[in-house]
Amino acid sequence: DVKVTQSSRYLVKRTGEKVFLECVQDMDHENMFWYRQDPGLGLRLIYFSYDVKMKEKGDIPEGYSVSREKKERFSLILESASTNQTSMYLCASRPLGTGVMGGAPLHFGNGTRLTVT
Amino acid sequence: EDQVTQSPEALRLQEGESSSLNCSYTVSGLRGLFWYRQDPGKGPEFLFTLYSAGEEKEKERLKATLTKKESFLHITAPKPEDSATYLCAVQSNAGGTSYGKLTFGQGTILTVHP
C-alpha cells in the first residue's frame with residue numbers, strides 16, 4: 001500500500017511565523033500535491049509538483065511556497081502565517097497517469113491541522 | 001472550468017436502508033472520475049476510478065456508476081461503519097498533461113444509524 005506521511009497531525013503557530021509542513025511518500029511517485037480543506041469550500045489545490053525541483057501553482061498559491069529537493073519529499077512553506085491560513089492541509093501523491101486509461105488516483109496523507117493565532 | 005456538484009450535502013440512513021449519492025460534473029474531456037471516503041480527522045481514502053460512461057465498479061456494499069454527466073455511488077444495506085464523508089473528483093484531459101489537476105466536489109456526509 002502507498003504510504004503518504006505528514007510530519008505533524010496538529011500545529012499551532014503565531015501570526016507572522018514561518019511554517020514548514022513536511023510530506024514524505026514511499027512509492028516513488030512522480031507527482032505530489034498540497035491541498036487545503038475548509039468547511040463549505042472543499043479541497044482546494046495550493047501547489048503541485050510533477051518531478052524533483054519542478055513546481056506548479058494550483059488554484060490558491062498566494063501566501064505559500066513549496067520545495068521538492070528529493071522525489072519522496074514535498075514541503076509546503078507558509079512564509080508569514082496569517083489567521084486565514086488556519087485549515088486542514090492534505091498532501092497527496094500519484095504516479096504518472098497512463099495515457100489511454102486516464103489518470104491515476106491521488107493517495108492522501110492523514111493531514112495536518114494548522115491553527116494560526 | 002471543471003465543476004463538480006455533489007448531492008445531497010448530508011444523508012441520514014437507517015442500517016440496511018439502501019440509497020445513492022450523486023456527483024454531477026462538467027469537464028472538458030473526462031480523464032477519470034474518482035470516489036473517495038473520508039473519516040473525521042483523516043485524509044481521503046481512495047475507493048474507485050471510473051473512466052468512461054457505462055462503467056461500473058463494486059467494493060463490498062458500494063457500487064459506483066458513470067454516465068456522461070454524472071456518477072452515482074450506490075450503498076446497499078449500509079452499516080454504521082459506512083458513516084463517512086464521500087468525495088467525488090474529476091480529472092480532465094485539458095492540456096494533455098499526465099499530472100492534471102483533480103477538481104473535487106464538496107462531499108456528502110453519510111450517517112448510518114443502527
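Now for a look at the structure at hand. (Residues numbered from 1 in each chain as written. Chains lettered and ligands numbered in written order. Predicted model: local features only at pLDDT ≥ 70, side-chain atom pairs only at ≥ 80, totals over all residues. Heavy atoms only, no water.)

**Re the packing of aromatic side chains**
Then, number 1: Evaluated as defined, the whole model comprises 9 aromatic pairs over all chains.
Then, number 2: Consider the rings of F108 of chain A and Y36 of chain B, whose centres lie 5.6 Å apart with planes at 85°: the pair is edge-to-face. One end of the pair, F108 of chain A, is in strand β10 (residues 107-108); the other, Y36 of chain B, is in strand β4 (residues 30-38), on a second chain. In this pair, the class of F108 of chain A matches that of Y36 of chain B, namely buried. (Phe/Tyr/Trp six-rings, centres within 6.5 Å; stacked < 30°, edge-to-face > 60°. Helix = DSSP H or I, 4+ residues; strand = E, 2+ residues; numbered from the N terminus. Buried < 20%, exposed > 50% of the residue type's maximum accessible area, 1.4 Å probe, protein only.)

**Concerning the interface of chain A and chain B**
Then, number 1: Every contact between the two is made by 30 residues of chain A and, on the other side, 20 residues of chain B.
Then, number 2: Of the roughly 2000 Å² buried at the junction of chain A and chain B (both faces included), carbon and sulfur atoms supply 55%.
Then, number 3: For the interface between chain A and chain B, the tally reads 0 salt bridges.
Then, number 4: At the junction of chain A and chain B, the tally comes to 6 residue pairs in polar contact (both at pLDDT 80 or more).
Then, number 5: Of all the secondary-structure elements, those providing two or more residues to the side of chain A that touches chain B are β4 (31-38), β5 (42-49) and β9 (87-94) of chain A.
Then, number 6: Residues of the side of chain A that touches chain B, tallied by class, amount to 15 nonpolar, 11 polar and 4 charged. (Contact = heavy atoms within 4.5 Å. Buried area = accessible area lost by both parts, 1.4 Å probe. Salt bridge = Lys/Arg side-chain N within 4 Å of Asp/Glu carboxyl O. Polar contact = N/O pair within 3.5 Å; in protein donor to acceptor, adjacent residues only side chain to side chain. Nonpolar A, V, L, I, M, F, W, Y, C, P; charged D, E, K, R; others polar.)

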